[in-house]
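Structural overview
Chain by chain, the residues run as shown.
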Amino acid sequence: MLLIKDYDRERNHRFLTHGPDVFHKALHWVLRGETVFHVKDPEGQDYNLEYVENQKWAEASEKYPDSPLFHQDPLYPPYLIYDENDGDRLCFDILEGFERVWFEEVNEYTVVLTGVILKYTSLSVSFADKRIFRFFPESDRLSVTEDKPSAEDKKTLKVIRDFYPSAFICDFYTMDQVVLFHHIFVLQWLTDLPLKAGSGESSPVRYAEIVVARSEGIGSVLTVYARTKSFLQRFGLEVTLQPGSSRYADHIIEKYFNIRMTPEDADETNTVYITNYYGLLFTKMLRYSQGNDFDINSLNPNFVEEMKEYGNAVLNDKKMLGILLRGSDYIASGMSGASAPVTVESALPKIREWMDEGGYDGIFLATEDQDILDKMKDAFPGKIRAVSQERYSITDFQEEGVTTISELDSKRHPGDDYDNFLEDSTANYFYALYLLSRCESFMYSGQCGGIVMTKSLCEKGFKRMWCFAENKEIR
C-alpha cells in the first residue's frame, strides 16, 4: 500500500508526476526495490508516496492476532499489480447491504477503491480527508465530512486508517483499507485468467484447486472446500483439492468424503490455483459464509449410516445437551477473538444453568483436550458421554515445543503409523460431531470448523445455542 506523505525536500528520491496512473507508476518501481517517491503536482501541492508492505503493516498493530499461525503465510497480499478497470475480476460481495462507504484517510487504496465504487456501484462515498479532491472532483456521490459515522449506522461501511481485525472479531461494518481492498480485488490475486460470472462451459477456466495448509484439521478442510465452491460457483468452476496437499492421505479423504481431487487435465491454462489457504479463508465470503456450506452430502453415504447406528446406541433417545470445547492447540497457538478457547471454570455456571433449565439426562462432550474432559467429568459425575479418542494436554505441546495438533501427531505417530492413526482419529472426530448434532441444545467455546459442521449435520435445528467466546446465545 502506498501512503501519501508530506513532500520531503531534504531526501533524494525518484520523481513522478501526479495523475490517474501515479500509483501504478510508483508500484512499477516498488517491484524493483524502491519505496519512497516524490510526486510533482503541477496544479496543486507536491507530496511523497511511501510504500509499506500490507502484511508487515498489519502485523505491526497491537490488534493483530498473536497466534504464530497468522504470521506464517500472509493474510494480506501485496497487490503490486492490479487492474481497477477489469470489472469482471472485481468482487463487490463485501459491500452488500451498504448505501455509503466512509473513508478516514486518503491513500493509494482508498483512492482506487473510491474509483471502482463510483464506477461499478451505486453507493456514495465520503471522506474525513479533503485530499481526496486531488484525485476526484466533488459530486453528489463524493463528499468530505467531519462527522464520523456512528456505531449504530449499519448502512455505512466505516473504513479506518489503522489495522482492524474484522475477520477475527466478526465485525465487517468497520474495517481498514487493506482488508477492503483485498476483498474487492481478491479475484485478481487468485488468478490472471479471465473470469466472468455466468460464463459456464464457454469459459476456458474449468477448475479451482485448493492447496491445504498441512496444519489444518479435516473440519477446516471440508468447510473451506464447501465455501470455496459456493463463492466460485458464479464462474462455473469445479473446486478440487490438490492431491497430497493435506495431512490426510488421499485415500482417507476419498473413503469418507465427497471431495474431488484435481484431475490430470488441469493445468495453468484452465485452473485457478489457491495456494494461500489463509488469504482466502479470512475473507467475509468464506469465513462467515451463510450459503452452500458443509452438509450431510459432503460425507460418504456408508459412513453416514455407520454414524447413525453408533448414535442410536450411545444416545438411546436420551435428552442430551451437546457441548464442544476446544483447548490444547487453541491455547498453545494463542487463538483469540471469536475463536478464543475458554476454561471449564468460566463455562460451568452457564452449563449448570442450562442443565437445570432443560432437565437434560446428560451431556455429550466433544473435546480433544484431556484436561477439559477430566474437569467436566469431575463437575458432572456420571453425566458425561464422549467418544473414545486420543486427547491432548497443554503440557504435551509445551514439552514437544509445538503449537498445533498436526505437529504433535506427527511426532507421536511417525512413519507408516501416521496414516492409520489419522484415519481412526478422523472417523472419531465425525462420530463426535454427529452425536453433537443429535443433542437438543448446543454450547461451544468459539468459532472453529467443527462448529460449522455440527450445525450443518443437525437436521431439526437446535432448540438453543450458546457461544462462550462471544458470551451470548446464538439465535
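Everything numeric here is computed off the predicted structure, so don't read it as measured data.

Regarding helix α15 (residues 405-412), the residues found buried are I405, S406, L408 and D409. Each buried residue of α15 lies within a common arc of 160 degrees when the element is viewed along its axis, so the set occupies one face.

Let's shift gears to the sheet that holds strand β11 (residues 238-241). If you walk across this open sheet you meet the three strands as β11-β10-β12, and the pairing is parallel. Where the open sheet ends on each side, the last strands, each with one partner, are β11 and β12 (271-274). Between one strand axis and the next, the sheet turns by 25 degrees as a mean value, whatever way the strands run. Both strand β10 (residues 207-210) and β12 contribute to a ladder of four bridges, which runs parallel. For E209, the partnering residue across the bridge sits in β12 and is Y273. Helix-sheet contacts for helix α6 (residues 218-232) involve β10, β11 and β12, and the interaxial angle to β11 is about 155 degrees.

What follows covers the environment of R438. Relative to the helices and strands, R438 resides in the loop between α16 (417-437) and β16 (441-444). Note on R438: relative accessible area 32%, which makes it partly exposed. Along the primary structure R438 and T454 are separated by 16 residues, whereas in three dimensions their C-alpha atoms are 9.2 Å apart. Polar side-chain contacts of R438 include one of 3.2 Å to the side chain of Y434.

All right, on to unusual backbone geometry then. For N316, which is not glycine, the phi dihedral falls at a positive 50 degrees. Locating N316 in the fold gives a position in the loop between α10 (301-315) and β13 (320-324). Judged by relative accessible area, N316 falls into the exposed class, the value being 53%. Unusually for a residue other than glycine, D317 sits at a positive phi of about 60 degrees. Inspection of the secondary structure assignment puts D317 in the loop between α10 and β13. In this structure D317 comes out as exposed when scored by relative accessible area, which is 78%.

To continue, consider the packing of α6 against α16. Relative orientation of the contacting elements α6 and α16 amounts to 70 degrees, with a least axis distance of 10 Å. Taken together, the axes of α6 and α16 are roughly perpendicular relative to one another. Between α6 and α16, the contacting residues are I218, G219 and L222 on the first element and T426, Y429 and F430 on the second. Grouping the constituent residues of the contact of α6 with α16 by class yields four nonpolar, two polar and no charged.

So, about the environment of Y429. With respect to the helices, strands and loops of the structure, Y429 is situated in helix α16. Counting along the chain gives 210 residues from Y429 to G219, while the straight-line C-alpha distance between them is 8.8 Å. Those residues in contact with Y429 that lie beyond four places of it in its chain are I218, G219, G449, G450 and M453.

This part takes up the sheet that holds strand β5 (residues 100-103). Ordered by their spatial adjacency, five strands build an open sheet running β7-β6-β5-β8-β9, and the pairing between neighbours is parallel. Both edges of this open sheet fall to β7 (142-144) and β9 (174-176), since each of them pairs with a single strand only. Taken pair by pair, the neighbouring strands of this sheet meet at an average axis angle of 25 degrees, ignoring direction. Across three bridges, the pairing between strand β8 (residues 156-160) and β9 is parallel. Its bridge partner being in β9, I160 is matched across the sheet by D176.

Time to look at helix α1 (residues 22-30). Those residues of α1 that fall on the buried side of the exposure criterion are V22, F23, A26, L27 and V30. Looking down the long axis of α1, one finds its buried residues gathered within 130 degrees of arc, a one-sided arrangement. Tucked inside the fold, the buried residues of α1 contact β1 (2-6), β2 (14-17), β3 (36-40), β4 (47-51) and α3 (108-120).

Cut-off values and rules
- Residues numbered from 1 in each chain as written.
- Predicted model: local features only at pLDDT ≥ 70, side-chain atom pairs only at ≥ 80, totals over all residues.
- Heavy atoms only, no water.
- Buried < 20%, exposed > 50% of the residue type's maximum accessible area, 1.4 Å probe, protein only.
- Helix = DSSP H or I, 4+ residues; strand = E, 2+ residues; numbered from the N terminus.
- Arc of directions from axis to C-beta.
- Pairing = 2+ DSSP bridges.
- Axes fitted to C-alpha atoms, helices over the stretch in contact; angles between N-to-C directions.
- Contact = heavy atoms within 4.5 Å.
- Polar contact = N/O pair within 3.5 Å; in protein donor to acceptor, adjacent residues only side chain to side chain.
- Parallel < 35°, antiparallel > 145°, perpendicular 65-115°, else oblique.
- Nonpolar A, V, L, I, M, F, W, Y, C, P; charged D, E, K, R; others polar.

By themselves, these figures tell us nothing about what the structure is for.
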